[in-house]
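Read off the chains here:
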Amino acid sequence: MFLFENNPPWAKNTVEKPEVLNLSRRDFLKRSALLAGSTFVLGVWSSCETRKEPMVREVTKVPASGTFEEAGFQPNLLVGINDAGDVFIVCTRSEMGQGIRSSMPPVIADEMEADWDRVHVVQADGDPKYGNQNTDGSRSVRNHFDEWRQAGATARAMLLAAAAKMLDVPASECTAHNNFVEHSASQRKLGYGELAATAATLDVPADAPLKDRSEWRYIGKEVRGVDNYDIVTGKAIFGIDASVPGMLHATIERCPVIGGKALTYDEETATAVPGVEKVLRLDDAQLPPAFNALGGIAVIGTNTWATMKGREALNVKWDFGPNAGYNSTEYRAALENSATNPGKEIRAVGDIKTAMEKASQTHEATYFVPMQAHAPMEPPNALAWVKEDGSIEIWAPSQDPQAARNTVAAVMGVEVEQVTIHVTLLGGGFGRKSKPDYVVEAALISKAVGAPVKLTWTREDEIHFDYFHAPSAQHLKASLDETGKATGWLHRTTFPSISSTFAPNVTHASNGELGLGFTTVPYQIPNMLCENGAAKAFVRIGWLRSVCNIHHAFAVNAFAGELAHKAGRDQKDYLLELIGPPRNLNHLFEGERGAYGEDLNVHTYDTGRLRHVIEAVATSIDWGKDLPDGHGLGIATHYSFVSYVAHAVHVSVIDGQLAIHDIHCAIDSGTYVNVDRVKAQMEGATIFGLTLALHGKITAKDGAIEQSNFHNFPLLRLNETPPITVHVVHRKQAPGGVGEPGVPPVAPALTNAILAATGKPVRELPIRLG
């Protein structure tokens, strides 16, 4: 583990001669800023100072006088205090911009009554002693909040006991506050540093008392990012920055089609490129791919540029293998055919057949969402060092370092204990970096060349060889009475399953995937039938931010908007009528666990909270206000990752041109830790959702992905981004997720606004008017 605030020796930038000046991205920015003058720096800081709301102070840290390992008082795995009073808190989750390093430590610091200016965040390596470290599924705070509080409370209790012993007074007469324990009766106090040695000799209590929430000083407040200063000043260490002396660089030319293999390649021409030292053929990929390396030809050299130029010179001839016939146009037709025909029954309520037969009218629609790529700003990369003694040391931007550790150990044929995974900052993740294939590749190459190797994926690699979000076709049909009220709901969903990445012959979705917004539709309709159609996968399918909630929320909310329009009803009122009165929907899950592994006795699926975010976002956007011709408001809501989110959007469509004027979001995530991060996550999720709605589309031809970079897989640009208003609901219920729940309602809220403005439904993404 290491402190990010001090650059470790493996993060030093190096200059490699004579071929290429190995200029780091931060040095490039610094030199560019010098050339451009001071405008860039001033612009950054002026934007940082525009917040009006009070925050916990950010960069006033007292420098640490030691390390976590040297701290004499360590009551548990997460807390350390040295004799100087420095407080070390170990962050066991991966930081990818979501703010966990500014959310986990405040919880512990609050309970232990630490001075935030004395807190130093230490990043944990991948190790099972920390429990689950998989940083996806919006589970960090919601799964570990109580555990973190207890870790801090334990430290506080032991410091109080140490003070009582040193002052020879009852512990009940002592109070802890801001790195001190005070005995008010005698007006004496001792600092945490003075207490550390004595506290270390005491027994660790099994169950220390927690603070009342009225006493919280950091939890629920705005705590600025602990890494903000280092990021802005170029000191923060991402995976792409990791370096060790003597390391080589590598890139890999992979078969464009998953499951293919190289027939011939020109090793001699590639090694003739200055800086290229070796060309290595990796073992061919096996299907299903799981987390394994994809094979291909690795080019190893003294710098990344040389390996890229050597890669271009390989002139590989491929056997494209069994997936070469995959084409998106034909695949979409097959998905839609599957979705419009009877499938595997998943959920049945009432008698849908009779409801359709007796309906005054019916309405049906088919929706389509294409494949999506993760496209984090930092592509996959890893630095691996397979040493002579058989141990393996790795530095990687990993969301799931234990999975990386286990997979590397299995592939390399060593004991798990011989593998060390150092977790760097991640330049985005969205689920991509929980799959450790790129880490495995680096380890394989390092072993082959007998040196530490830094493997870098290009943007083209990242898009071509992603674990893609599944394309989906969905067909919905409703029976309606004479007033337009829904009496029956038929929903068929078809998409290739994530399970196909790990097991052969998978053609239907798992129960877990179907629980993400399909079987959990909260509408109070007496007759419902949900079916799942068959679909085969031809690429690696994986989880992307909010997973199947993306396409299920789109279809369910867009169809609700169409029903409201058909009935001549207000969208919001019709949506609330579909949901019905506040009630408990725990019966939609089997057993005592929900779709996200949550304890349903703690996290009740409550339609009252869903209704509340709808009303809150409607109030925020001034729902019902008079709008000019060509303008419209749209609304959508969704429950995911144990949180409730609604979006409302104001658009205009004039002469076929779409303009998004305003977008509002309301989230109820129960108890939250850092409201600044909640707001930022909702803003980011909204932008992510707009990207999917307006631009996101990955296609394949002859088995190969057609998109390659941001020119043909664009992200939302600044000039396309509307003002975003976030309303955070204050509740005392247990924490829900925050990182993903903001994505699903965005696209259907937007398409419902277009429907309101034009009278024409939008049934596929990305949106194309005309």
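Residues numbered from 1 in each chain as written. Predicted model: local features only at pLDDT ≥ 70, side-chain atom pairs only at ≥ 80, totals over all residues. Heavy atoms only, no water.

**Observations regarding the overall build of the protein chain**
What counts, and what does not: Strands are runs of DSSP state E lasting at least two residues, helices are runs of H or I lasting at least four, and both sets are numbered from the N terminus onward. The reference for a compact globule is 2.2 Å times residues^0.38; the radius of gyration itself is calculated from the C-alpha atoms. We call a residue buried when its accessible area falls under 20% of the maximum for its residue type, exposed when it is over 50%, and partly exposed in between, using a 1.4 Å probe and counting protein chains only. Here a residue-residue contact requires only that any non-hydrogen atoms of the pair lie within 4.5 Å. For the accessible areas, the method is Shrake-Rupley and the probe is 1.4 Å, while residue cover comes only from the protein chains on display. By the counting scheme adopted, Arg and Lys are positive, Glu and Asp are negative, and His together with the chain ends is not counted. For charged residues, the charge sits on one atom: NZ in Lys, CZ in Arg, CG in Asp, CD in Glu.
For the protein chain, the count of helices and strands is 19 helices and 28 strands. For 770 residues, the compact-globule formula gives about 27 Å, and the C-alpha radius of gyration of the protein chain, at 28 Å, lands near that figure. For the C-alpha atoms alone, the extent of the protein chain along its principal axes is close to 80 × 80 × 55 Å. Across the 770 residues in the protein chain, those meeting the buried criterion constitute 60%. A sequence separation of at least 24 residues applies to 78% of the contacts in the protein chain between residues at least 6 apart. A total of about 30200 Å² of accessible surface is found on the protein chain, and carbon and sulfur atoms cover 51% of it. Computed over 71 positive and 89 negative side-chain charges, the separation of the two mean positions in the protein chain equals 2 Å.

**Regarding the sheet that holds strand S28 (residues 724–728)**
This is how the line gets drawn: A strand pair is defined by DSSP finding two or more bridges across the two strands. Working convention: axes come from line fits to C-alpha atoms, limited for helices to the stretch in contact. Angles between N-to-C directions cover 0 to 180 degrees.
Taken in spatial order, the four strands of this open sheet run S23-S24-S25-S28, and their pairing is mixed. Whereas interior strands pair on both sides, the edge strands pair on one side only; in this sheet they are strand S23 (631–640) and S28. Taken pair by pair, the neighbouring strands of this sheet meet at an average axis angle of 15°, ignoring direction. In this structure, strand S24 (residues 643–654) lies alongside strand S25 (residues 657–668), joined through eleven bridges in antiparallel fashion. Pairing of valine 645 across the sheet is with isoleucine 667, part of S25. In the packing of helix H17 (residues 607–621) onto the sheet, the strands contacted are S23, S24, S25 and S28, and the crossing angle to S24 comes to about 35°. Against the sheet, helix H19 (residues 746–758) makes contact with S23, S24 and S25, and its axis sits at roughly 155° relative to S23, the strand it touches most.

**What about helix H15 (residues 549–567)?**
As a reminder of what qualifies: Helix span is expected to be 1.5 Å times the residue number reduced by one.
Across its 19 residues, H15 extends 26 Å between first and last C-alpha, which sits within 8% of the 27 Å expected from 1.5 Å per residue. Among the 19 residues that make up H15, 16 are buried, leaving the element largely enclosed by the rest of the structure.

**Structural notes on the packing of aromatic side chains**
We apply this condition: What counts as a ring pair is set by centres within 6.5 Å for rings of Phe, Tyr and Trp (its six-membered ring), and what kind of pair is set by the plane angle: stacked under 30 degrees, edge-to-face over 60, tilted for all other angles. We call a charge positioned above a ring when the Lys NZ or Arg CZ atom is no farther than 6 Å from the ring centre and deviates by at most 35 degrees from the ring normal.
This structure, assessed with the given rule, holds 16 aromatic pairs. Consider the rings of phenylalanine 291 and tyrosine 467, whose centres lie 6.4 Å apart with planes at 70°: the pair is edge-to-face. One end of the pair, phenylalanine 291, is in the loop between strand S11 (276–282) and strand S12 (296–301); the other, tyrosine 467, is in the loop between helix H13 (459–464) and strand S20 (472–480), with 176 residues separating them in the sequence. Accessibility assignment for this pair places phenylalanine 291 and tyrosine 467 in one class, buried. Aromatic side chains phenylalanine 589 and tyrosine 605 sit 5.9 Å apart centroid to centroid with 45° between the ring planes, which places their arrangement in the tilted category. On the criterion of sequence distance, the pair formed by phenylalanine 589 in the loop between helix H16 (571–579) and H17 and tyrosine 605 in the loop between H16 and H17 is long-range, its members being 16 residues apart. Take tyrosine 605: its relative accessible area is 2%, and that puts it in the buried class. Between the NZ or CZ atom of lysine 387 and the centre of the ring of tryptophan 385, over which it lies, the distance is 4.7 Å.

**Description of the side chain of threonine 751**
As for its position among the elements, threonine 751 is in helix H19. Of the residues examined, threonine 751 reaches a relative accessible area of 2% and is grouped as buried.

**As for the pattern of salt bridges**
Under the convention used in this document: Salt bridges are defined as contacts in which a side-chain nitrogen from Lys or Arg sits within 4 Å of a carboxyl oxygen from Asp or Glu.
For the structure shown, the criterion picks out 32 salt bridges. Salt-bridge contacts for arginine 540 lead to aspartate 437; the nearest nitrogen and oxygen are separated by 3.2 Å. Here aspartate 437 lies in helix H12 (residues 437–449) and arginine 540 lies in the loop between strand S22 (527–532) and H15, a separation of 103 residues in the sequence. For the pair arginine 540 and aspartate 437, one class covers both residues: buried. Note that aspartate 668 is salt-bridged to arginine 609, the shortest N-O span being 2.8 Å. Of the two residues, aspartate 668 is situated in strand S25 and arginine 609 in helix H17; the sequence distance between them amounts to 59 residues.

**Details of the sheet that holds S20**
Spatially, the five strands line up as an open sheet ordered S14-S22-S21-S20-S15, and their pairing is mixed. Every interior strand has two partners, whereas the edge strands, strand S14 (344–349) and strand S15 (361–369), have only one. Between one strand axis and the next, the sheet turns through 10° on average, direction left out of account. Against the sheet, H15 engages S15, S20 and strand S21 (486–494), with an angle of about 145° to S15.

**Re the nonpolar core**
Going by this rule: As used in this record, nonpolar core signifies buried Ala, Val, Leu, Ile, Met, Phe, Trp, Tyr and Cys residues forming a set joined through side-chain atoms within 4.5 Å.
Core analysis: the biggest nonpolar cluster contains 98 residues, and Trp489, Tyr523 and Leu750 have the highest contact counts within it. Counting residues per element, this core draws most heavily on H15, which supplies eight residues. The contacts of leucine 750, once residues within four sequence positions are left out, are Val649, Val651, Ile660, Leu690, Ala693, Leu694 and Ile767. By size, the runner-up hydrophobic cluster in this structure holds 49 residues, among which are Ile89, Ile100, Met112 and Ala176.

**Comments concerning the packing of helix H11 (residues 401–412) against H12**
To keep it simple, the criterion reads: By the definition adopted for this analysis, an angle is roughly parallel if under 35 degrees, roughly antiparallel if over 145, roughly perpendicular if from 65 to 115, and oblique otherwise. By convention, the crossing between two helices is left-handed when the near helix turns anticlockwise from the far helix through less than a right angle, and right-handed when the turn is clockwise. Asp, Glu, Lys and Arg are counted as charged, while Ala, Val, Leu, Ile, Met, Phe, Trp, Tyr, Cys and Pro are counted as nonpolar; the rest, among them Gly, fall into the polar class.
Here H11 crosses H12 at 40°, and the two axes come no closer than 9 Å. On the basis of the axis angle, H11 is oblique to H12. Once H11 is placed against H12, the crossing between them reads as right-handed. Mapping the contact onto sequence places Ala404, Thr407, Val408, Val411 and Met412 in H11 and Val439, Val440, Ala443, Leu444 and Lys447 in H12. Counted by class, the contact of H11 with H12 contains eight nonpolar, one polar and one charged residues.

**A look at helix H8 (residues 304–312)**
Applied cut-off: This arc is built from the directions going out from the helix axis to the C-beta atoms. As used in this structure description, the phrase polar contact means that two N or O atoms lie within 3.5 Å; if the pair is within protein, one of them must be able to donate a hydrogen and the other to accept it, and residues adjacent in sequence are counted only when both atoms belong to side chains.
Here H8 has its buried residues at Thr304, Ala306, Thr307, Gly310 and Arg311. The buried residues of H8 occupy an angular sector of 160° when projected down its axis, which confines them to one face. Exposed side chains of H8 directed beyond 90 degrees from the buried face belong to Trp305 and Glu312. Where H8 begins, one side-chain oxygen reaches toward the backbone nitrogen of tryptophan 305, 3.3 Å away; that side chain belongs to asparagine 303.

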